[in-house]
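Below are the chains, spelled out letter by letter.
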Amino acid sequence: MGHIIALLLIATGLTAVQPAKAIPDADTRHDVISFAKDGWAPVPYELSHGVILLKATINGQPITMLLDNGTSDTMIDEGYARRNGIPIGKPTKSAVTGVSTTLSTRRTDSVQLGVPHALTITGPLIAMDLTTMSKALGQQIAAVLGADVLDHIAFMVRPDQQKVVLIGSGGITVGPGALTVPLLDGHQIDATVNGIPVKLEVDFGSNGVVSLNDPAWRRAIPAGAAIETGSHISADGVNRVEQRTKGELRVGSASVRDAPIDNGYTRTDKGDGLLGNGFLSKAGVIVDVQEKKLILIPQRANNAPPPRASGSTGA
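Residues numbered from 1 in each chain as written. Predicted model: local features only at pLDDT ≥ 70, side-chain atom pairs only at ≥ 80, totals over all residues. Heavy atoms only, no water.

S.K.: Could you give an account of unusual backbone geometry, with specific residues and numbers?
M.R.: One non-glycine residue, H49, lies in positive phi territory at about 55 degrees. One non-glycine residue with positive phi stands out, namely Q162, at about 50 degrees. Looking at where Q162 falls in the secondary structure, it is placed in the loop between β13 (153–158) and β14 (163–168). Accessibility expressed as a relative area gives 37% for Q162, which makes it partly exposed. (Helix = DSSP H or I, 4+ residues; strand = E, 2+ residues; numbered from the N terminus. Buried < 20%, exposed > 50% of the residue type's maximum accessible area, 1.4 Å probe, protein only.)

Given below as structure tokens:
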């Protein structure tokens, strides 16, 4: 984190068009995902320990919610649900939370999880104890907006305005100059670390730049590289000892010299590692899994107009 990413691309125009109808969730865990028709606007966000927090509501009550497409399910804190009279069922399944092992979860009765002026998710949510996450981030996290929603919409992160756009898949278009990187299996992209090809999961719940699993680390980090050893407690409370170094990261035609790289990513079943928020939050980015696109929005020149979202009230 703290590394400035230079994309070396020309400025581009950008528009967002809101779809007219609701989009059902593909796996039917939620009854429906509906988008705001009146008063739609980009949503302000806060960066806390390198991850994105949004103001949201549960059954109309204000909460703080983590945006994390690396978490498989949209979740509600079990303690919050109990304190607010939301019924919770028996343990039903396991959910993957970022890089941690799968955890047993419960399901609530139908609720409304809303992001004002953006979208509303109606239906049952996965309930899990988010106490450790709240402690790690320094504030109460009542919900996590996960991949089961984010994979069926398009979302754009605008660090220049510190706002997020949540919109229907295909609803964001960009002009010439933006860098489009194909999404492969789910959130994966092709990249290189020190010239070595790697497949990285795009993960907004990871606050690093690149986290490699051990086999990829051994391939990509040359002998004799300056390496530090430290530990890292992730938002889900898992403490990992990791090695850290710097190297060259290339994503499409964008390259970063001296990018921070660690081996804190332990899974080997989904590619070689993570591309985290330490990269993604430094320049504008659009993720549209249904369209199989990751779009990097260039830093605008001093005399270039900023990207615009048409039809919004807060761009």
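S.K.: Explain the nonpolar core to me, and be specific about the residues and the numbers.
M.R.: Burial of nonpolar side chains together is a common tendency in soluble globular proteins. By size, the foremost hydrophobic cluster in this structure holds 64 residues, and its most contacted members are L166, F204 and L249. In contact with L249, other than residues within four places in its own chain, are A191, T192, V193, L200, V209, V210, A254, S255, V256, A259, L275 and F279. Counting residues in hydrophobic clusters, the runner-up holds 11 residues, among them V51, L53, M75 and M128. (Core = buried A, V, L, I, M, F, W, Y, C linked by side-chain atoms within 4.5 Å. Contact = heavy atoms within 4.5 Å.)

S.K.: How would you sum up the pairing of strand β4 (residues 51–58)? Please name residues and give values.
M.R.: Burial runs high along β4: six of the eight residues are buried. Sheet topology note: the strand β3 (residues 43–48)/β4 ladder contains four bridges and is antiparallel. Within the sheet, the bridge partner assigned to L47 lies in β4 and is I52. Hairpin geometry of β3 and β4 is characterised by an intervening segment of two residues between the two adjacent antiparallel strands and by a positive phi of about 55 degrees at H49. The pairing of β4 with strand β5 (residues 61–67) spans six bridges and is classified as antiparallel. Residue T57 lies in a different strand from β5, and its bridge partner there is P62. One ladder, built from two bridges, connects β4 with strand β9 (residues 111–115); its direction is antiparallel. Its bridge partner being in β9, I58 is matched across the sheet by L113. (Pairing = 2+ DSSP bridges.)

S.K.: An account of the packing of aromatic side chains is requested, with residue identities and associated values reported.
M.R.: Scanning all chains against the criterion turns up one aromatic pair. Their ring planes at 70 degrees and their centres at 5.2 Å tell us that F155 and F204 sit as a pair that is edge-to-face. Taken together, the residues span a long stretch of sequence, with F155 in strand β13 and F204 in the loop between β18 (196–202) and β19 (210–212) at a distance of 49 residues. Take F155 and F204: they sit in the same class, and that class is buried. (Phe/Tyr/Trp six-rings, centres within 6.5 Å; stacked < 30°, edge-to-face > 60°.)

S.K.: Outline the environment of Y265, supporting the account with residue identities and numerical values.
M.R.: Here Y265 lies in the loop between β22 (254–262) and β23 (273–275). Separated by 23 residues in the primary sequence, Y265 and E242 place their C-alpha atoms 8.7 Å from one another.

S.K.: Residues and numbers for the confidence of the model for the chain, please.
M.R.: With 77% of its residues at a pLDDT of 70 or more, the chain has an overall mean of 82. Per-residue pLDDT stays below 50 along residues 301–307; that stretch engages in 11 contacts with residues further than four places along the chain or on separate chains. Taken as a whole, residues 309–315 scores under 50 in pLDDT and shows 20 contacts with residues more than four places along the chain or in a different chain. (pLDDT = per-residue confidence, 0-100.)

S.K.: Give me the side chain of S134: which residues, what numbers.
M.R.: In this structure, S134 sits in helix α2 (residues 131–137). Of the residues examined, S134 reaches a relative accessible area of 13% and is grouped as buried. Sequence-distant contacts of S134, defined by excluding residues within four places in its chain, comprise Q139, Q140 and I141.

S.K.: Outline the environment of V174, listing residues and values.
M.R.: Locating V174 in the fold gives a position in strand β15 (residues 172–174). Residues V174 and I286, 112 residues apart in the sequence, show an inter-C-alpha distance of 9.7 Å.

S.K.: Lay out the pairing of strand β10 (residues 119–123) with the relevant residues and their values.
M.R.: Of all five residues in β10, four are buried; the element is thus mostly enclosed. Where strand β2 (residues 32–35) meets β10, four bridges bridge the pair, whose relative direction is antiparallel. Its bridge partner being in β10, S34 is matched across the sheet by T120. Sheet analysis places β9 next to β10, joined by five bridges and oriented antiparallel.

S.K.: So what's going on with the environment of R244? Residues and values would help.
M.R.: Looking at the secondary structure, you find R244 in strand β21 (residues 239–251). By relative accessible area, R244 is classed as partly exposed at 31%. C-alpha of R244 to C-alpha of S211: the two residues are 33 residues apart in sequence and 9.1 Å apart in space. Among the polar contacts listed, one links the side chain of R244 to the side chain of E242, at a separation of 3.0 Å. (Polar contact = N/O pair within 3.5 Å; in protein donor to acceptor, adjacent residues only side chain to side chain.)

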